[in-house]
Amino acid sequence: MTIGLLKEPDGENRVALLPESVKALIALKAEIIVESEAGLKAFSPNALYEDAGAKIGQREDVLRADLVLGINPPDDHELKTLKPAQVLMSVFQPLSNKALVEQLMSQQVTSFSMDNVPRTTRAQSMDVLSSMATVAGYKAVLLAASNSPRFFPMFMTAAGSIVPSKVLVLGAGVAGLQAIATARRLGAVVEAFDVRTAAEEEVKSLGAKFVKVEGATDDKSAGGYAVEQSDEYKAKQQALIQEHASKANIIICTAQIPGRKAPVLITAKTVEAMAQGSVIVDLAASTGGNCELTENDKNVQQHGVTIIGDSNLASTMPLDASKMYGKNMVNFLKLMIDENGDLNLNWEDDILANTCVTHAGEVMSERVKNILFQTETA
């Protein structure tokens, strides 16, 4: 089997496989062709891939491979060149990209979306979302610290005492927990909020205070993801979050619901009530943002508060982010490469079946099918 590694588009510094991951796949008897300069922004020039045993080719060569992989999917024109026998692996965000799913169905391409890997114990080593969220949570706090006019830790100096910054983290998933841990290491006083009651223990274990709103809906069938809440809960949530947010110097926003617009947790009125010089880093910017005033991919100032909208902070740490992504990919590919290095799609494997978006013109993932096409089948 030939595996093709695509170069990512402008604005993306990561690469799906570093040379070390290529070497691991070659050990599985796969042949690798890498688009020229695919890893350059991740500090991996062509020579390192060649040393690992890969061939260097042009984009059209890579797109003819048996299995084509990347982080961002190819563009519409390139997708139309794919054949039914080919396999495409990328991050499609299928729950919010119905047109792409329908295009893959019409071309009968077998597609796997790495952001659809199930949140199970067995799949942890393949969980791209968790890996990239770890990077984003860490980098969000560093970004906030570098834009804040205040120290994070408390200082006792000859010039007097400096009080520690107050940090509020919204969403205690992987990104939120990493943000909490990083802010605590920097000496800040940290509070965190999450609708999932299971998050309370994790938040407290990291030394942060949990902001609890009673009456949350916890859907165990959601696989560890947050779910939509009732209007009554949202009203209570809004009031309590505003109370804590208005006292915070730093807010890290990470709350998202798959396939839906991000919940607005910080209103314009709350931003106005925050202290001058405060910083909000909104990791949910690409899905609307947790802050009402967030603008995606922009740094704006409102009422003396800096609001940074960036949902792709993983790209700002391309070396380690690519290393983690590549390791996830290798672990996933081991499920579908047999002892001869050939493709073997075992649909009895729950990880493959749930991660697969389309195959033979059909939607394979029950999660994608239920969310995108439920109205058509109702």
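For the structure, see preceding data.
Here we summarise the structure given alongside this text. Just so you know, these numbers come straight off a predicted model, no measurement behind them.

1. What to know about the overall build of the protein
Here comes step 1: The helix and strand tally for the protein stands at 13 helices and 17 strands.
Here comes step 2: What you see for the protein is a C-alpha radius of gyration of 22 Å, in line with the 21 Å of a compact globule of 378 residues.
Here comes step 3: A burial count over the protein gives 51% of its 378 residues as buried.
Here comes step 4: If you take every contact in the protein between residues at least 6 apart in sequence, the share linking residues at least 24 apart comes to 66%.
Here comes step 5: Accessible surface, the protein as shown: approximately 17200 Å² in total, 51% of it carbon and sulfur.

2. Some details on the environment of Met132
Here comes step 1: Residue position: Met132 is located in helix α6 (residues 128-147).
Here comes step 2: Among the residues examined, Met132 registers a relative accessible area of 10% and is labelled buried.
Here comes step 3: Along the backbone, Met132 and Ser315 are 183 residues apart, and their C-alpha atoms lie at a distance of 9.1 Å.

3. Some thoughts on unusual backbone geometry
Here comes step 1: Backbone geometry places Lys29, a non-glycine residue, at a positive phi of 75 degrees.
Here comes step 2: Its location among the elements puts Lys29 in the loop between α1 (19-26) and β2 (31-35).
Here comes step 3: For Lys29, a relative accessible area of 53% translates into the label exposed.
Here comes step 4: The phi angle at Glu37 is positive, at roughly 65 degrees, despite the residue not being glycine.
Here comes step 5: For Glu37, the position within the fold is in the loop between β2 and α2 (46-52).
Here comes step 6: When its relative accessible area of 38% is taken as the criterion, Glu37 is described as partly exposed.

4. Some thoughts on a negative patch on the surface
Here comes step 1: A grouping of Glu31, Asp66, Glu339 and Asp342 is seen on the molecular surface, where their side chains present a negatively charged patch.
Here comes step 2: Along the chain, Asp342 falls in the loop between α11 (318-333) and α12 (350-355).

5. So, the sheet that holds strand β10 (residues 189-193)
Here comes step 1: With mixed pairing, the seven strands of this open sheet are ordered in space as β11-β10-β9-β12-β13-β15-β14. Taken across any chain shown, the strands that pair with only one partner, and hence form the sheet edges, are β11 (209-211) and β14 (298-302). Between one strand axis and the next, the sheet turns through 20 degrees on average, direction left out of account.
Here comes step 2: Here α6 sits on the sheet and contacts β12 (250-253), β13 (279-282) and β15 (305-309); the angle it forms with β13, its principal contact strand, is near 155 degrees.

6. Some remarks on the side chain of Gln86
Here comes step 1: In this fold, Gln86 is placed in the loop between α4 (76-79) and β5 (87-90).
Here comes step 2: Here Ala65 takes part through its backbone oxygen, which lies 2.7 Å from a polar atom of the side chain of Gln86.

7. Looking at the pairing of strand β6 (residues 110-113)
Here comes step 1: Burial along β6 is two-sided: the face carrying Thr110 and Phe112 and the face carrying Ser111 and Ser113 are both buried.
Here comes step 2: Bridge count between β5 and β6: four bridges; the pairing is parallel. By the bridge assignment, Val87 is partnered in β6 with Thr110.
Here comes step 3: This β-α-β element, β5 to helix α5 (residues 98-106) to β6, shows right-handed connectivity.

Rules and cut-offs
Residues numbered from 1 in each chain as written. Predicted model: local features only at pLDDT ≥ 70, side-chain atom pairs only at ≥ 80, totals over all residues. Heavy atoms only, no water. Helix = DSSP H or I, 4+ residues; strand = E, 2+ residues; numbered from the N terminus. Rg over C-alpha atoms; globule rule 2.2 N^0.38 Å. Buried < 20%, exposed > 50% of the residue type's maximum accessible area, 1.4 Å probe, protein only. Contact = heavy atoms within 4.5 Å. Areas by Shrake-Rupley, 256 points an atom, 1.4 Å probe, with all protein chains shown as cover. Patch = residues over 30% accessible without salt bridge, like charges linked within 9 Å, V, L, I, M, F, W, Y side chains within 5 Å. Salt bridge = Lys/Arg side-chain N within 4 Å of Asp/Glu carboxyl O. Lys, Arg positive; Asp, Glu negative; His and termini not counted. Charge placed at Lys NZ, Arg CZ, Asp CG, Glu CD. Pairing = 2+ DSSP bridges. Axes fitted to C-alpha atoms, helices over the stretch in contact; angles between N-to-C directions. Polar contact = N/O pair within 3.5 Å; in protein donor to acceptor, adjacent residues only side chain to side chain. Right-handed = clockwise from strand over helix to strand, strands pointing away.

As far as function goes, none of this settles anything; it's purely spatial.
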